[in-house]
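# Structure assessment
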Amino acid sequence: MVATEYEVETCRQFNLEPVIYSMHIFDKFLEFLQQTEDPADRIPFPNIHIKLDTGLHRLGISINDVPNLINKLSENSHRIHVKSIYSHFMGIYTSGLDDMTRHQADLFATNAATIEKALGYSVMKHLCNPGATIRYPDFHLDMVRIGCGLYGIWPVEPKVEFQKCVASLVAPIIRLEWVCENDTVGYAQHRLNHSLLIGVLCIGYVDGLRRHLNNGEGRVWIYGHRVPIISISMDMTMIDLTDVNDQVEIFGENIPLAQMARWCQMVSHELIARLNQRV
């Protein structure tokens, strides 16, 4: 887990393995160990993981701080054990940044090797997220982090042979009502130009759908048809069921997750991440 200075005690209590992603965090971590260790029983802290910042500049120990990191690791080798070293690419989805990606990989390899030499033992090393796993097989190292690839979401071209999106979302119809021409539906006051059979689904924007799909901008699948989304509210969605009636597929085999994501103006794994606990 990525731990803050306030979560070190939780890591120790539940035998979790924290990520050290800044020298500030590392100093707080060492301070905690020094204050809580029993001199008569020096049991090492559970494994730690080190994240290096090779160019994304989000989380990670600066390359300039690696000498300082090595010194503190050496001084505290009796307290901690490094299980892995990793970093994160910043431009794997854009071929124009391939040179930067290779530079990051070289920077990581050089510094990881320096840290390993100072430690005196080998550690796991990893760099690749889903896109990098496909585009840069030379950088797979000891493991890869496929993340949304577990669901068949590989946000790179060309699509890989084994790609199949396994995520789906369905919702029940809880009400049917005929609405007359010129009447309105939903908070957005969508006015009908002809009478429709409106189906009300038990799902809404609180569950991760975007109101951008209103007024026919999005579709759902039901009984062999893609039908328009009329209006989305907090936990209800109204659709046009004039010709059909069955369980509704939000995305799945018939409406690909990637298509729904495009309608929502987001990427597939963002749509998956927005689905909340109620779903």
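Since we're looking at a predicted model, the values are computed, not measured.

### Section: the domain arrangement of the chain
When its domains are assigned, the chain resolves into domain 1 (5-151) and domain 2 (169-274). Placing a centre on the C-alpha atoms of domain 1 and another on those of domain 2 gives a separation of 44 Å.

### Looking at the packing of helix α3 (residues 66-75) against helix α4 (residues 98-119)
As a packed pair, α3 and α4 sit with axes 10 Å apart at the nearest point and diverge in direction by 20°. Overall, the two elements α3 and α4 adopt an arrangement that is roughly parallel. Two packed elements cross with a definite hand, and for α3 against α4 that hand is right-handed. Two secondary-structure elements touch here, α3 through Val66, Leu69, Ile70, Leu73 and Ser74 and α4 through Asn111, Thr114, Ile115, Ala118 and Leu119. Here the contact of α3 with α4 is built from residues that sort into seven nonpolar, three polar and no charged.

### Looking at the UniProt feature "binding site: substrate" (unreviewed entry) in the chain
Per the UniProt record, "binding site: substrate" (unreviewed entry) is found at Arg58 and Met234. Taken along the chain, the residues just named run across 177 residues; in space they spread out, the farthest C-alpha pair reaching 33.0 Å. Setting aside anything within four residues of it in sequence, one finds Arg58 in contact with Lys51 and His88. Inspection of the secondary structure puts Met234 in the loop between β12 (225-232) and β13 (237-240). When neighbours within four sequence positions are excluded, Met234 is seen to be in contact with Gly204, Tyr205, Val206 and Asp207.

### Re the nonpolar core
If you look at the biggest cluster of nonpolar residues, it comprises 36 residues, and the most contacted ones within it are Phe26, Phe29, Leu73 and Ile115. Of all elements in the fold, only β1 (19-20), α2 (23-36), β2 (48-53), α3, β4 (82-86) and α4 reach the threshold of two or more residues within this core. Core analysis: the next-biggest nonpolar cluster, separate from the first, contains 29 residues, Cys148, Ala167, Val248 and Cys264 among them.

### What to know about the environment of Gly199
Mapped onto the fold, Gly199 is located in strand β10 (residues 196-201). Counting along the chain gives 119 residues from Gly199 to Ile80, while the straight-line C-alpha distance between them is 59 Å. Excluding residues within four positions of it along the chain, Gly199 makes contact with Ile173, Arg175, Leu176, Thr237, Met238, Ile239 and Leu241.

### Some thoughts on the side chain of Asn76
Inspection of the secondary structure assignment puts Asn76 in the loop between α3 and β4. There is a polar contact of 2.8 Å between the side chain of Asn76 and the backbone oxygen of Lys72. With near-sequence residues (within four places) excluded, Asn76 lies in contact with Leu30 and Gln34.

### Considering α3
Val66, Leu69, Ile70, Lys72 and Leu73 are the residues of α3 that are buried. On its buried side, α3 packs onto α2, β2, β3 (61-62), β4 and α4.

### Some details on the packing of α2 against α3
Closest axis-to-axis distance for the α2/α3 pair is 11 Å, and the angle between their directions is 15°. Judged on the interaxial angle alone, α3 and α2 are roughly parallel. Crossing angle aside, the handedness with which α2 passes α3 is left-handed. Every residue of α3 that contacts α2 at Met23, Phe26, Asp27 and Leu30 is listed here: Asn68, Leu69, Lys72 and Leu73.

### Some thoughts on α2
In this model, α2 (14 residues) spans 20 Å end to end at C-alpha, consistent with the 20 Å of a helix rising 1.5 Å per residue. Residues of α2 that are buried include every one of Met23, Ile25, Phe26, Phe29, Leu30, Phe32 and Leu33, and no others. On the buried face of α2, the contacting elements are α1 (8-13), β1, β2, β3 and α3.

Cut-offs and rules
- Residues numbered from 1 in each chain as written.
- Predicted model: local features only at pLDDT ≥ 70, side-chain atom pairs only at ≥ 80, totals over all residues.
- Heavy atoms only, no water.
- Domains from an automatic or database assignment.
- Axes fitted to C-alpha atoms, helices over the stretch in contact; angles between N-to-C directions.
- Helix = DSSP H or I, 4+ residues; strand = E, 2+ residues; numbered from the N terminus.
- Parallel < 35°, antiparallel > 145°, perpendicular 65-115°, else oblique.
- Left-handed = near helix turned anticlockwise from the far one by under 90°.
- Contact = heavy atoms within 4.5 Å.
- Nonpolar A, V, L, I, M, F, W, Y, C, P; charged D, E, K, R; others polar.
- UniProt positions renumbered as here; feature names shortened; annotations may be inferred.
- Core = buried A, V, L, I, M, F, W, Y, C linked by side-chain atoms within 4.5 Å.
- Buried < 20%, exposed > 50% of the residue type's maximum accessible area, 1.4 Å probe, protein only.
- Polar contact = N/O pair within 3.5 Å; in protein donor to acceptor, adjacent residues only side chain to side chain.
- Expected span 1.5 Å × (residues − 1).

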